[in-house]
Amino acid sequence: MEQSATQAVTESNDHATPAAAPASLRADHRAPDRLVLQRGIFTGPSAKVSDELYAVVKGRSTRERLALHLDKGATAHTNTYFGRFAASYWQRWTTVTEVRATMVLDVTKKARVRLVASDIAGHRRIIDTAKVDASGPLTLTAPLDQYVDGGAIWLEFDAEGGELGISELTWSSVAPERIRPVAIAICTFNRAADCAETVAALASDATVLAAIDAVYVVDQGTDLVQDRQRYQEVQPVFGDKLRYIRQPNLGGAGGFTRGLYEVSAVNEHADVILMDDDILCEPETVLRLNAFANMTVEPTLVGAQMLFLLNPDYLNVGAEEVHLHELRHGQKVPKALRNTSMLKKNQERRVDAGYNAWWTCLIPAEVVAKIGLPVPIFFQWDDVEYGVRAREHGFVTVTLPNAAVWHADFYWKDFDDWARYFSTRNSLIVGAMHADLDGKKITKQLFRNIAEHLVAMQYGLVHTTLQGIEDFLEGPKVLRDGGIAALAAARTSRADYSETIKHPAATPPVRAADIQLRRAGGEPSREALVLVKRAINQWFGRTQHGLIGVTREDAHWWHVSLFDHVVVTDASQSGVRVRQRDKARARALLRRTFHVLRRLRKELPTLQEQYRAAMPELTSRANWERLYGISD
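These numbers come from a predicted model, not from an experiment.

Rules and cut-offs
Residues numbered from 1 in each chain as written. Predicted model: local features only at pLDDT ≥ 70, side-chain atom pairs only at ≥ 80, totals over all residues. Heavy atoms only, no water. Core = buried A, V, L, I, M, F, W, Y, C linked by side-chain atoms within 4.5 Å. Buried < 20%, exposed > 50% of the residue type's maximum accessible area, 1.4 Å probe, protein only. Contact = heavy atoms within 4.5 Å. Helix = DSSP H or I, 4+ residues; strand = E, 2+ residues; numbered from the N terminus. Expected span 1.5 Å × (residues − 1). Axes fitted to C-alpha atoms, helices over the stretch in contact; angles between N-to-C directions. Parallel < 35°, antiparallel > 145°, perpendicular 65-115°, else oblique. Left-handed = near helix turned anticlockwise from the far one by under 90°. Nonpolar A, V, L, I, M, F, W, Y, C, P; charged D, E, K, R; others polar. Salt bridge = Lys/Arg side-chain N within 4 Å of Asp/Glu carboxyl O. Pairing = 2+ DSSP bridges. Patch = residues over 30% accessible without salt bridge, like charges linked within 9 Å, V, L, I, M, F, W, Y side chains within 5 Å. Areas by Shrake-Rupley, 256 points an atom, 1.4 Å probe, with all protein chains shown as cover. pLDDT = per-residue confidence, 0-100. Lys, Arg positive; Asp, Glu negative; His and termini not counted. Charge placed at Lys NZ, Arg CZ, Asp CG, Glu CD. Disulfide = S-S within 2.5 Å.

Asks: So what's going on with the nonpolar core? Residues and values would help.
Replies: Membership of the largest hydrophobic core comes to 92 residues, with the highest contact counts inside it found for Leu70, Trp90, Ile153 and Leu155. Every residue in contact with Leu70, bar those within four places of it in the chain, is listed here: Val57, Arg60, Ser61, Thr75, Ala76, Phe157, Ala159, Glu163, Leu164 and Ile166. Counting 48 residues, the second largest nonpolar core, distinct from the first, contains Val384, Val430, Leu466 and Ile548.

Asks: Which residues make up helix α3 (residues 192-203), and what values go with them?
Replies: The end-to-end C-alpha distance of α3 is 16 Å, a good match for the 16 Å that 12 residues give at a rise of 1.5 Å each. Here α3 lies mainly inside the structure; nine of its 12 residues are buried. For α3, the complete set of buried residues consists of Ala192, Cys195, Ala196, Thr198, Val199, Ala200, Ala201, Leu202 and Ala203.

Asks: Pulling in residues and values, what's your account of the packing of helix α12 (residues 459-473) against helix α16 (residues 583-618)?
Replies: Taken N-terminus to C-terminus, the directions of α12 and α16 make an angle of 25 degrees; their axes are 8 Å apart at the nearest point. For the element pair α12 / α16, the angle class is roughly parallel. As α12 packs across α16, the resulting crossing turns out to be left-handed. A breakdown of the residues in the contact of α12 with α16 according to their chemical character gives 14 nonpolar, three polar and six charged.

Asks: Run through the pattern of salt bridges, naming residues and quoting values.
Replies: Overall, the coordinates contain 37 salt bridges when judged by the stated rule. Glu348 is paired through a salt bridge with Arg84; the nearest N and O atoms lie 3.0 Å apart. With Glu348 in the loop between β21 (338-341) and β22 (360-363) and Arg84 in the loop between β6 (75-77) and α2 (87-93), this residue pair connects regions lying 264 residues apart in the sequence. Taking relative accessible area as the criterion, Glu348 reaches 13% and is therefore assigned buried.

Asks: Kindly report on the sheet that holds strand β27 (residues 576-580), identifying the contributing residues and their values.
Replies: The sheet built from four strands is open, its strands ordered β24-β25-β26-β27 with mixed pairing. Of all strands in the sheet, those with a lone pairing partner are β24 (515-517) and β27, marking the two edges. Across this sheet, the average inter-strand angle for adjacent strands is 30 degrees, counted without regard to direction.

Asks: Explain the sheet that holds β6 residue by residue, including any values.
Replies: Pairing within the open sheet is antiparallel, and its five strands lie in the order β3-β6-β11-β8-β9. Two strands close off the open sheet at either side, each with one partner strand: β3 (56-58) and β9 (124-132). Between one strand axis and the next, the sheet turns by 15 degrees as a mean value, whatever way the strands run. In the sheet, strand β8 (residues 111-118) pairs with β9 via eight bridges, with the strands oriented antiparallel. Note on β9: the bridge partner recorded for Ser118 is Arg124.

Asks: Hey, could you go over a nonpolar patch on the surface for me, with residue numbers and the actual values?
Replies: Taken together, Val532, Ile536, Trp539 and Phe540 make up a surface patch of nonpolar side chains, about 380 Å² in accessible area. Locating Ile536 in the fold gives a position in helix α14 (residues 527-539). For Ile536, a relative accessible area of 38% translates into the label partly exposed.

Asks: How would you explain the confidence of the model for the chain if you had to name every residue and give the values?
Replies: Across the chain, pLDDT averages 94, with 97% of residues at or above 70. Every residue in residues 1-18 is under pLDDT 50, and counting partners more than four places away or in other chains gives 47 contacts.

Asks: Help me get a handle on a positive patch on the surface, residues and values and all.
Replies: Taken together, the side chains of Lys72, Lys109, Lys110 and Lys131 present a region of like positive charge at the surface. Among the secondary structure elements, Lys131 is positioned in strand β9. Lys131 gets classed as exposed once you look at its relative accessible area, which sits at 68%.

Asks: Break down the state of the cysteines for me, with residues and values.
Replies: Summed over the entire model, instances satisfying the criterion amount to zero disulfides. Cys187 takes part in no disulfide bond, and the closest cysteine sulfur to it belongs to Cys195, at a distance of 8.8 Å. Taking relative accessible area as the criterion, Cys187 reaches 9% and is therefore assigned buried. Cys281 supplies the cysteine sulfur nearest to Cys361, a cysteine that is in no disulfide, at a spacing of 14 Å.

Below you can see the structure in the form of structure tokens.
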């Protein structure tokens, strides 16, 4: 592919140079009199997305992206996921004290427009009403003074006497003196088609494109985004704003850090929005995150929520936190919505996040300047660590409702995967860096988890988990290459365990006629006792013989462990895995577990000191330049 003369590209995976910066990223940004906080959007970026996430209409209507046309007698409201204005969040975290809803109406006879609000319990109240009998602009104003703990604002429209057109709908406030430059950094690895579509989505919205100053595509794969026709088609739309960088595969941590590294080197006042490559991008979300960050009282990490890609109206979780002492991230904040259809329910209560995952998250310039760059832990927990470290330095995270992207549903990913290595190792690293871990408690918890995997005949998963703990025990030197060797080891060593292999459902390596389906009963009330019982029975072979089929929803350890040979549906629903009791392998893994956990309990205090001492060097620009191969 022939490169544009204005586009800086790093071509080599062996040697890298900093990418030249777009002029707009270096420029001073004066604000308009009023800042658009969000726009009225009436249909989504894909036919897969329900229009009712944007506006609910009763009666005949015609929708466009930024306009809605109602036939006579039709009604509409924006008390929807993307339609409502998250008043509680704006009152709590920003300097905005009053918001204006401004629109242009095309009225054939007469119409009615209402500005409506809710409280923490979802009770509806009318703030203002306008009866309109002529076409033209209309502005309704709402003070932000009664929403600290919850509530939102929206609009309702009645086409009473004839047709009604609504366009140019914006929610705005008095602007700050300066608008921060902002860049988007997209990290990708062999998802070229998905990444090209994400870039194209940004290019599709002229307003969003004008508001961002650079887009960095950090390509760490071999299936190159730059070779995709879709990417080539939209590349000219960006002018000199698009930057394409190739580098070794350093995981999400390495890819996203490259964006932070490049932007902070150019403009110490520029924010960075980190964005996954395989999302369905809602460009409006970029505008909303950027506007919110420009209005916060103090520099704030502003994250988008995640809607499920395969079930597009479902919210993953309203806000997340991490329980470091239990090595658990992705924990739901109390009262936050989770796995909820946003066509049926709205998030009224304000819930405060502990961190935000990097499917899409804005990082303020001040955070990078004060706490440095992320830790080179490849992927898994890198976003958690950065959010925790930011909070330790006084920077909070806000997960903003009504701003989201669609990301692959997590429950379609099988837990028994090589990624478990990084999840295990990195949870220990992050816990060691930011909490005083209790070695006795941690080893007890890890043993419980491993025991469940053993009785479920997931020997490869046990190996992967132990591999993560063992590498944590090596200390900070394990992060020397940014995870390249660890990735290779985690993936290749699992081949020794046959149950980690996914087979086509129609042609498993067993005789289909021998498979007998067994459904699970209720969850045991005394799990610890059941686990001991299952382990004893597994050890002595007192399990049901024969070939048993188990669906994904029934693949609990306490059910699978009743048998000695099972065919389990993979979480992806694209195949099956075959597990078989192997006492010799279980014995060897159990011995290894005792040895590893004994070491962990003994060495944990020293390891915590080592990882904390290594933090400044690990997160330094010099260390990342070494990993990137950047020379002066």
